[in-house]
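Structural overview for review
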Amino acid sequence: TPATPRTAADVAAVAPQATEASAQVALSSTAATLRSGADGASGDFDTAKVERIQSAIDRGEFTVNAEAIADKLIANAAEVLNNSAAKS
């Protein structure tokens, strides 16, 4: 096994060299919509709500509704599967 670099010179000697970017990424229409902030995804958030949640966490009173989270994850997965099936 190779020795672990110990100095900045050692790290520079084994660090990958900078290369010209060659990869291209194409966003789906959904990703592009989310990125653009359409459909109410403006990036704004409810500061007061965040403060209430932080305060509840600090007091040890914040609870997570695992059933609600599971239901939403299942609904999201079903939506993704339905969308991908419709495109096929």
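Computed from a predicted model, the values in this text were never measured in an experiment.

1. As for the confidence of the model for the protein
In the predicted model, the protein carries a mean pLDDT of 80, and 68% of its residues have values of at least 70. Highest mean pLDDT in the protein belongs to helix α3 (residues 47-59) (95); lowest belongs to helix α1 (residues 8-14) (63).

2. Remarks on a nonpolar patch on the surface
On the surface, a nonpolar cluster with roughly 550 Å² of combined accessible area is contributed by Ile53, Ile57, Phe62, Val64, Ile69 and Leu73. Only α3 and α4 (66-87) provide two or more residues apiece to the nonpolar patch. With respect to the helices and strands, the residue Phe62 is situated in the loop between α3 and α4. What makes Phe62 partly exposed here is its relative accessible area of 42%.

3. A short note on α3
For α3, spanning 13 residues, the distance from its first C-alpha to its last is 18 Å, which sits close to the expected 18 Å at 1.5 Å a residue. N-capping of α3 is provided by Asp46, with a side-chain oxygen placed 3.1 Å from the backbone N of Ala48. Positive phi appears at Gly60, one or two residues downstream of α3, with a value of about 75°.

Thresholds applied
Residues numbered from 1 in each chain as written. Predicted model: local features only at pLDDT ≥ 70, side-chain atom pairs only at ≥ 80, totals over all residues. Heavy atoms only, no water. pLDDT = per-residue confidence, 0-100. Helix = DSSP H or I, 4+ residues; strand = E, 2+ residues; numbered from the N terminus. Patch = residues over 30% accessible without salt bridge, like charges linked within 9 Å, V, L, I, M, F, W, Y side chains within 5 Å. Areas by Shrake-Rupley, 256 points an atom, 1.4 Å probe, with all protein chains shown as cover. Salt bridge = Lys/Arg side-chain N within 4 Å of Asp/Glu carboxyl O. Buried < 20%, exposed > 50% of the residue type's maximum accessible area, 1.4 Å probe, protein only. Expected span 1.5 Å × (residues − 1). Polar contact = N/O pair within 3.5 Å; in protein donor to acceptor, adjacent residues only side chain to side chain.

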